[in-house]
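Single-letter residue listing:
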Amino acid sequence: IDGKETGKFPDIGAVALSLDGAHYAFASSKGMKTALIVDGKGTYTNALVSAPTFIEGGKRVRYVSYEAGKKVFRVTRKM
């Protein structure tokens, strides 16, 4: 961020940016564990997380999360 390292993430997926450019989010995985990273901080860990999308003008981030053999969850998190 602004030329400064915010963390080390093993493997990242597609990056989503909020419309105002104030926030970014992506899924970072290591083995079978995946974390949603928002603005450089991990917010949730599960088996798999889809690419996130910002909604409501960047006030919330939405993604799909699931574990093998379990239910699929659509998650909406407030910023």
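This report concerns the structure included in the present document. The shown structure was predicted, so the numbers you read here are calculated from the model rather than taken from an experiment.

**A look at the overall build of the protein**
Of regular secondary structure, the protein possesses 0 helices and 9 strands. Reading the protein from its N end, one meets helices and strands in the order β-β-β-β-β-β-β-β-β. Counting across all 79 residues of the protein, residues that qualify as buried make up 30%. Just so you have it, the protein exposes about 5500 Å², and 54% of that area is on carbon and sulfur atoms.

**Thoughts on unusual backbone geometry**
In this structure, D39 takes a positive phi of about 50 degrees despite not being glycine. Relative to the helices and strands, D39 resides in the loop between β4 (33–38) and β5 (41–46).

**What about the pattern of salt bridges?**
This model, assessed by the stated rule, comprises 1 salt bridge. Salt-bridge contacts for R60 lead to E56; the nearest nitrogen and oxygen are separated by 2.9 Å.

**Some words on a nonpolar patch on the surface**
Where nonpolar side chains cluster on the molecular surface, the patch consists of I12, V15 and L17 and spans about 300 Å² of accessible area. Judged by relative accessible area, L17 falls into the exposed class, the value being 61%.

**Describing the environment of R60**
On the secondary structure map, R60 appears in strand β8 (residues 60–66). Given a relative accessible area of 28%, R60 falls into the partly exposed group. For the pair R60 and K78, spaced 18 residues apart in the sequence, the C-alpha separation amounts to 4.4 Å. Residues within four places of R60 in sequence aside, it is in contact with T53, F54, I55, T76, R77, K78 and M79.

**What about the nonpolar core?**
Counting residues in each nonpolar core, the largest one holds 10 residues, listed as A16, A25, A27, L36, V38, V49, F54, V61, Y63 and V75. Contributions of two or more residues to this core are made by β3 (24–30), β4 and β8.

**So, the pairing of β8**
Regular strands place side chains that alternate from one sheet face to the opposite one. Burial along β8 is one-sided: V61, Y63 and S65 are buried, and none of R60, R62, V64 and Y66, which face the opposite way, are. Bridging between strand β7 (residues 53–55) and β8 involves 3 bridges; their strand directions are antiparallel. Bridged to F54 within β8 is V61. Connecting β7 to the next strand, β8, in antiparallel fashion are 4 residues, including E56 with a positive phi near 55 degrees. For β8 and strand β9 (residues 72–78), the ladder comprises 7 bridges, and the chain directions are antiparallel. When the sheet's bridge partners are listed, V61 is paired in β9 with R77.

Procedures and definitions
Residues numbered from 1 in each chain as written. Predicted model: local features only at pLDDT ≥ 70, side-chain atom pairs only at ≥ 80, totals over all residues. Heavy atoms only, no water. Helix = DSSP H or I, 4+ residues; strand = E, 2+ residues; numbered from the N terminus. Buried < 20%, exposed > 50% of the residue type's maximum accessible area, 1.4 Å probe, protein only. Areas by Shrake-Rupley, 256 points an atom, 1.4 Å probe, with all protein chains shown as cover. Salt bridge = Lys/Arg side-chain N within 4 Å of Asp/Glu carboxyl O. Patch = residues over 30% accessible without salt bridge, like charges linked within 9 Å, V, L, I, M, F, W, Y side chains within 5 Å. Contact = heavy atoms within 4.5 Å. Core = buried A, V, L, I, M, F, W, Y, C linked by side-chain atoms within 4.5 Å. Pairing = 2+ DSSP bridges.

Purely geometric numbers; function is a separate question.
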